[in-house]
Amino acid sequence: MSTTARPSPVVRLVPRSGATVVEPVTYTVREVAKLLGLSLGSTYALVRDGTIPATRLGGRWLIPRARFHAWLDAVTEQPAPTGTEHGSGR
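The rules behind these values
Residues numbered from 1 in each chain as written. Predicted model: local features only at pLDDT ≥ 70, side-chain atom pairs only at ≥ 80, totals over all residues. Heavy atoms only, no water. Core = buried A, V, L, I, M, F, W, Y, C linked by side-chain atoms within 4.5 Å. Buried < 20%, exposed > 50% of the residue type's maximum accessible area, 1.4 Å probe, protein only. Contact = heavy atoms within 4.5 Å. Salt bridge = Lys/Arg side-chain N within 4 Å of Asp/Glu carboxyl O. Helix = DSSP H or I, 4+ residues; strand = E, 2+ residues; numbered from the N terminus. Axes fitted to C-alpha atoms, helices over the stretch in contact; angles between N-to-C directions. Parallel < 35°, antiparallel > 145°, perpendicular 65-115°, else oblique. Left-handed = near helix turned anticlockwise from the far one by under 90°. Nonpolar A, V, L, I, M, F, W, Y, C, P; charged D, E, K, R; others polar. Pairing = 2+ DSSP bridges.

Chemist: Please explain the nonpolar core as it appears in this structure.
Modeler: Across soluble globular proteins, you tend to see nonpolar side chains buried next to one another. With eight residues, the main nonpolar core is built from Tyr27, Val29, Val32, Val47, Ile52, Trp61, Ile63 and Phe68. In this structure, Ile63 is in contact with Val25, Thr26, Tyr27, Thr28, Val29, Val32, Val47, Ile52, Pro53, Ala54 and Phe68, ignoring residues within four places of it in sequence.

Chemist: What should I look at first to understand the pattern of salt bridges in this one?
Modeler: Once the charged atoms of two side chains with opposite charge are near each other, the side chains can pair. Here the structure, examined in full by the defined rule, presents one salt bridge. When the shortest N-O distance is used, the salt bridge between Glu23 and Arg65 registers 3.0 Å. One end of the pair, Glu23, is in the segment before strand E1 (26-27); the other, Arg65, is in helix H3 (residues 65-77), and 42 residues separate them in sequence.

Chemist: In this structure, what is going on with the packing of helix H1 (residues 29-36) against helix H2 (residues 40-48)? I would like to understand it.
Modeler: The relative placement of two packed helices is expressed as an angle between their axes plus a distance between the axes. It is at 9 Å that the axes of H1 and H2 come closest, and there the two elements cross at 110 degrees. Overall, the two elements H1 and H2 adopt an arrangement that is roughly perpendicular. Handedness of the H1/H2 crossing: right-handed. Residues Val29, Arg30, Val32 and Ala33 of H1 pack against Leu40, Thr43, Tyr44 and Val47 of H2. Class assignment of the residues belonging to the contact of H1 with H2 gives a composition of six nonpolar, one polar and one charged.

Chemist: Can you help me understand the side chain of Thr43 in this one?
Modeler: As for its placement among the helices and strands, Thr43 is situated in helix H2. For Thr43, a relative accessible area of 0% translates into the label buried. Each residue touching Thr43, except ones within four places of it in the same chain, is listed here: Val29, Val32, Ala33, Leu38 and Ile52.

Chemist: Quick question: what am I supposed to make of the packing of H1 against H3 here?
Modeler: Their axes nearest at 13 Å, the elements H1 and H3 cross at an angle of 30 degrees. By the criterion of interaxial angle, the relationship of H1 to H3 is roughly parallel. Where H1 crosses over H3, the two elements pack in a sense that is right-handed. For the pair H1 and H3, the contacting residues are Val32, Leu35 and Leu36 in the first and Phe68, Trp71 and Leu72 in the second. In terms of residue class, the contact of H1 with H3 is made up of six nonpolar, no polar and no charged.

Chemist: How should the sheet that holds strand E3 (residues 60-64) be read in this particular structure?
Modeler: Consider a sheet: its strands pair through backbone hydrogen bonds, and that pairing is either parallel or antiparallel. Spatially, three strands are ordered E1-E3-E2 in an open sheet, and the strand pairing comes out antiparallel. Since the sheet does not close on itself, it has two edges, and those belong to E1 and strand E2 (55-57), each with one partner. Along the sheet, H3 makes contact with E1, E2 and E3, crossing E3 at roughly 65 degrees.

See the structure below:
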């Protein structure tokens, strides 16, 4: 039995010069869950109830990249609640 180690695969973090980087047109629910740091179940619930913009195609949910980022920008630009809107008014 040979004990020579196989060379580990090379991972390129920067594309080769002249290489074209293609952005995905859609995300999967799993990818969105990872981007948002949510569980897969929570992300599916948000997709099903329409909170996260998505399209059902066959048996899969697809999240259009441009709509997702526009939604995320709109959500993150809303002012954070100060807690005074629902105060006791004393």
